[in-house]
Amino acid sequence: MGNGWLLGSGIALPQRRVANSWFEERIDTSDEWIRTRTGISERRFAEIGEKTSDYALAAARQAMQTAGLGRDDVGMVVVATSVPDMTFPSVANQVIESLGLTTAFGYDVGAACCGFVFAMSAADSQIRAGLARNALVIGADIYSSLLDMNDRSTCVLFGDGAGALAIGPSADGRGVLHTCLRSVGGHIDVLGCRGGGTAGRTSMTATGHEDGRIFMDGPAVFRLAVQGCCNAISAVLDMAGLKPIDVAHIVPHQANMRILAKIADHFDYPIEHIETNLKVYGNTAAASVPIALHEALKAGRIVPGDLVLLVAAGAGFNWGAILLRV
Ligand SMILES: CC(C)(COP(=O)(O)OP(=O)(O)OC[C@H]1O[C@@H](n2cnc3c(N)ncnc32)[C@H](O)[C@@H]1OP(=O)(O)O)[C@@H](O)C(=O)NCCC(=O)NCCS
């Protein structure tokens, strides 16, 4: 069996653009603060009534089309999300149903902003093991549904969207080469979202929804994100016996432009080879890596044969990186 190789990609973004000025009209913040402290100018917010699976499905459909896969060709669907449509069935099940896939199994991965890297690794492993021929790996999140729009320290950071990759077994050694995944204890309280789970339930039948808004210790998360991404990048480069400069592009999770600048500094890596879309989409959580990768492929910045490094860090605290030959 071959390792997982990139066959196609797709994205789906809400129509509604929300500029920094929208927040200026509502809370004590400024376009200048948001741009200089985060790199974000605008983001997309889904409309009420739109579901995570709507975006996951649209991105997946595009990835299947570009890969030339039909509904009998996909063996696996894995969706990284922390805001599924409902507790269960999974978003993956809904995508499988809507696409009419005939031979697939699917499940969701809940690893917050690191979810896509974890999901990609799961799909690559199951392709290598022969459990699935081709897979759809999707990152889809609607974090606007978790934001307290009066909390200026979180509400300006996030946006909504989905990205998807179709991957299949490689015959020529391209595809996923090395992977590092890590979850470390001691940081449950620095970033998360209470509510919707069994902690805090108030009756036998109900789950607690009293506090379903994102909480975050921004500076602590900033430090962990830089440390986690740098550790993960170093680990996969060591596995491959490569130097940072050997990598054509780094496609990171999009949390803060200053985090990306620190990563570039740490490795003395040219920042223009780090893909960014924060300016226009904000932090789209599990969707940010596949959206950035898709846009780089579409624009021709990443071309077949390039060595690409996907890297992410997020609540848990989790981090991970994947070295991929496109
Ligand atoms: C959130 C983040 C942008 C804040 O930037 P920072 O430079 O660390 O700022 P601080 O949190 O230290 O706050 C500095 C000041 O700005 C203020 N501030 C916070 N948000 C603000 C906003 N939207 N507008 C204006 N001022 C704001 C704070 O209240 C604080 O004011 P004070 O000094 O009077 O108390 C930054 O910490 C960050 O990006 N952290 C990582 C977040 C992240 O990536 N989360 C997702 C991970 S997957």
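Since we're looking at a predicted model, the values are computed, not measured. Every residue gets a number counted from 1 within its own chain, in the order that chain's sequence is written. Local features are withheld for residues below a pLDDT of 70 in this predicted model, meaning they are given only at 70 or higher, and side-chain atom pairs are given and counted only at 80 or more; totals for whole chains, interfaces and linings count all residues. Excluded from the side-chain calculation are hydrogens and water; included are all heavy atoms of the structure.

Side note on the sheet that holds strand β11 (residues 249–252)
Line of reasoning, step 1. Here, any two strands with at least 2 DSSP bridges between them count as paired. Strands are runs of DSSP state E lasting at least 2 residues, helices are runs of H or I lasting at least 4, and numbering of each runs from the N terminus. Judged by pairing direction, the sheet is mixed, and its 4 strands sit side by side in the order β8-β13-β12-β11 without closing on themselves. Strands at the two margins of the open sheet, each flanked by one partner only, are β8 (175–183) and β11. For this sheet, the mean angle separating the axes of adjacent strands, direction not counted, is 15°.
Line of reasoning, step 2. Contacts from helix α5 (residues 115–128) reach β8, β12 (307–314) and β13 (318–325), with the element oriented near 130° to β8. To get an axis, a line is fitted to the C-alpha atoms, and for a helix only the part in contact is used. The angle between two axes follows their N-to-C directions and goes from 0 to 180 degrees. Between two residues, a contact is recorded if the distance between any of their heavy atoms is within 4.5 Å.

Points about the site of the ligand
Line of reasoning, step 1. Near, as used in this document, describes a residue that has one of its heavy atoms within 4 Å of the molecule or strand being considered. The local shell around the ligand holds 21 residues, among which Thr-29, Arg-37, Arg-152, Gly-218 and Asn-256 are the closest.
Line of reasoning, step 2. Within the backbone of Gly-218, a nitrogen or oxygen atom sits 3.0 Å from a nitrogen atom of the ligand.
Line of reasoning, step 3. We call two N or O atoms a polar contact when they sit within 3.5 Å, provided that within protein one can donate a hydrogen and the other can accept it, with sequence-adjacent residues counted only if both atoms are side-chain atoms. Asn-256 has a polar side-chain atom sitting 2.6 Å from an oxygen atom of the ligand.
Line of reasoning, step 4. Within the complex, the protein chains bury 72% of what would otherwise be the 950 Å² of accessible surface of the ligand.
Line of reasoning, step 5. In terms of residue count, helix α7 (residues 218–240) provides more of the shell around the ligand than any other element does, 4 residues in total. Exposure was quantified through the Shrake-Rupley algorithm and a 1.4 Å probe, taking into account, for residues, occlusion by the shown protein chains and nothing else.

Focus on the side chain of His-294
Line of reasoning, step 1. By the element assignment, His-294 lies in helix α10 (residues 288–298).
Line of reasoning, step 2. Note on exposure labels: buried denotes an accessible area under 20% of the residue type's maximum, exposed denotes more than 50%, and partly exposed covers the range between, all computed with a 1.4 Å probe on protein chains only. For His-294, a relative accessible area of 5% corresponds to the buried category.
Line of reasoning, step 3. Excluding residues within four positions of it along the chain, His-294 makes contact with Ser-9, Gly-10, Ile-11 and Gln-62.

Topic: the pairing of strand β7 (residues 160–169)
Line of reasoning, step 1. Along β7, 9 of the 10 residues are buried, which leaves the element largely enclosed by surrounding structure.
Line of reasoning, step 2. Sheet topology note: the strand β1 (residues 4–12)/β7 ladder contains 8 bridges and is antiparallel. If you follow Ser-9 over to β7, its bridge partner there is Leu-165.

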